[in-house]
Amino acid sequence: MGNTAVVVGGGIGGLATAIGLRRIGWEVTVVERASMLEDAGAGISLAANGLRALDELGVGEAVRDASRGQYSGGTRTPQGGWLARMDGSALEKTVGTPIMGIPRSTLHRLLRESLPAEALLIGSEAGSVEQIGPGTVRIGCGGTVLDADLVVAADGIGSKLRSHLFPAHPSPAYSGSTVLRAITEQAVDLRTDFELTWGHGAEFGHIAFHDGRAEWHAVLNLPAGTRFADPLAELRRRFHNWHDPIPALLDATRPAAVLHHDINELRTPLPSYTIGRIAVLGDAAHAMTPNLGQGACQALEDAVTLAAALTTEPTVEAALARYDFERRPRSQAVARAARRAGRMGQQLSHPLAVTLRNTAMRLTPSRAATRMILRHHTWVPPQLN
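Since this is a predicted model, take the numbers as computed values, not measurements. (Residues numbered from 1 in each chain as written. Predicted model: local features only at pLDDT ≥ 70, side-chain atom pairs only at ≥ 80, totals over all residues. Heavy atoms only, no water.)

Draft legend 1. Up close: the sheet that holds strand 9 (residues 126-133). Spatial ordering of the open sheet is given by 9-10-11, a layout of three strands whose pairing is antiparallel. At either margin of the open sheet sits one strand with a lone partner, and together these are strand 9 and strand 11 (144-148). The sheet shows a mean angle of 20° between the axes of neighbouring strands, taken without regard to direction. As judged from the five bridges shared by strand 10 (residues 136-141) and strand 11, these two strands associate in the antiparallel manner. Across the sheet, V137 pairs through a bridge with A148, a residue of strand 11. (Pairing = 2+ DSSP bridges. Helix = DSSP H or I, 4+ residues; strand = E, 2+ residues; numbered from the N terminus. Axes fitted to C-alpha atoms, helices over the stretch in contact; angles between N-to-C directions.)

Now the structure itself:
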């Protein structure tokens, strides 16, 4: 009998991990508490590091075919003036690809289709996990008990397994911002592939998809738990005098399509990503703010790094030690950088601070801005033999 693993969580990180483990010959069960794997969510941007990870997992080509390259756009003021231009061609020349925009539901579906149906245990919540011997981890899933050589906790920012493994660790903290987002019902006439617009304590952005529709998001500095009776009407009120195509994006959206979530982060870094034969991965390990667009990319890096370590190290324990050594410093550094980016970007609300930030952005050469982006995009995955 070969090596067996249980992956808790059927999101991007969990599905990618299952694909990676199967590619190196492991038998994998993905446990997901939802009664069905919904193709939910809005849009996502995938940078070169995430795309390279998907290539190593064997799904990169399918993801690219379903994505749209972000070649044009940048950051603007509410009046429409440009603070910084994005040069997707320069990124492509340097790292081999522009940033790609794809509906999150499409990415989920492509990952799920890379796994056999019998590998997915849907509608079952992992309630307990314990190491019952030197080489066996037991996990309880409702009325089912699974024994495995490895358990991977990829159950998201509110991870119950993380809380079980690190009971004294602080819970995720509210970032100070909340996000509303949706995908338009129909195609929208857009002149750019990607935009961010920064006001005072507010941001509006869009990602264009290959079918002409677009994802938009609005980020606001508000108390945690703030909700609106009519979210779309509230956004029209707040952004009615911002530049085009913001009003058009809102007009092309069904009210029922708007999602609203507070932005939380694992502000206090975990002391380890592994305990015994249990690994923590993705948002469960390093939930970060979305300001760098690296959350999913870091989870994909985790998945490939873990699978590669299991092929090169002599024992599972040694592989997990390598995974922790390689992933914890990098992912936690990216999380810190994302937090800083939010504080200097969307979260700024004082008029003088906003003016100084805008002036600095306009004076920054495009090459310098590209170099800042490339700090996180140049990761190269280990090979899965």
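Draft legend 2. View of the nonpolar core. In terms of nonpolar packing, the biggest core is built from 73 residues, with L46 and I139 touching the most fellow members. Looking at which element gives the most residues to this core, the answer is helix 10 (residues 295-312), with ten residues. Setting aside residues no more than four positions away along its own chain, L46 makes contact with L51, L54, V63, P98, I99, M100, I102, L107, C297 and L300. Counting 23 residues, the second-largest nonpolar core is a separate cluster that includes W216, A218, L232 and W242. (Core = buried A, V, L, I, M, F, W, Y, C linked by side-chain atoms within 4.5 Å. Buried < 20%, exposed > 50% of the residue type's maximum accessible area, 1.4 Å probe, protein only. Contact = heavy atoms within 4.5 Å.)

Draft legend 3. The arrangement of the pairing of strand 15 (residues 202-208) in detail. Taking burial as the measure, the seven residues of strand 15 include seven buried ones, the bulk of the element. Side chains A202, F204, H206 and A208 project from strand 15 onto one buried face, and the interleaved E203, G205 and I207 project onto a second face that is buried too. What sits between the antiparallel neighbours strand 14 (residues 194-198) and strand 15 is a turn of three residues, in which G201 has the positive phi angle 70°. Taking the residues between adjacent antiparallel strands as the criterion, strand 15 and strand 16 (residues 214-221) are bridged by five residues, where G212 takes a positive phi near 95°.

Draft legend 4. Structural view of the packing of aromatic side chains. Counted according to the given criterion, the structure contains four aromatic pairs. Taken together, a centroid distance of 5.3 Å and an interplanar angle of 65° make the contact between F204 and F239 edge-to-face. Taken as a pair, F204 in strand 15 and F239 in helix 7 (residues 231-239) lie far apart in primary sequence, 35 residues in all. Considered together, F204 and F239 belong to a single accessibility category, that of buried residues. Here the aromatic cluster, defined as three or more aromatic residues joined through ring pairs, consists of F204, W216, F239 and W242. It is R76 that lies over the ring of W82; its NZ or CZ is 4.6 Å from the centre. (Phe/Tyr/Trp six-rings, centres within 6.5 Å; stacked < 30°, edge-to-face > 60°. Lys NZ or Arg CZ within 6 Å of the ring centre and 35° of its normal.)

Draft legend 5. Molecular detail of the sheet that holds strand 17 (residues 259-265). Here we have seven strands laid out as an open sheet, ordered 6-5-14-15-16-13-17, and mixed in their pairing. This sheet does not close on itself; its edge strands, each paired only once, are strand 6 (82-85) and strand 17. Looking at each pair of strands side by side, their axes are set apart by 20° on average, direction ignored. Where strand 13 (residues 173-183) lies against strand 16, seven bridges are found, and the strand directions are antiparallel. Considered in strand 16, the bridge of V179 is made with V219.

Draft legend 6. Up close: helix 11 (residues 316-344). Between the first and last C-alpha of helix 11 there are 41 Å, a value that for 29 residues agrees with the 42 Å anticipated at 1.5 Å per step. At R327, helix 11 shows its largest bend, some 30°, and a proline, P329, comes one to four positions later. (Expected span 1.5 Å × (residues − 1). Bend = angle between axes of the 7 residues up to and from the residue.)

Draft legend 7. Structural detail: the pattern of salt bridges. Going through the model one piece at a time under the given rule, you end up with 21 salt bridges. Residue D211 is joined to R213 by a salt bridge in which the shortest nitrogen-to-oxygen separation is 2.8 Å. The partner of E234 in a salt bridge is R238, and the shortest N-O contact between them spans 2.7 Å. Of this pair, E234 and R238 are both found in helix 7, four residues apart, which corresponds to roughly one turn of the helix. (Salt bridge = Lys/Arg side-chain N within 4 Å of Asp/Glu carboxyl O.)

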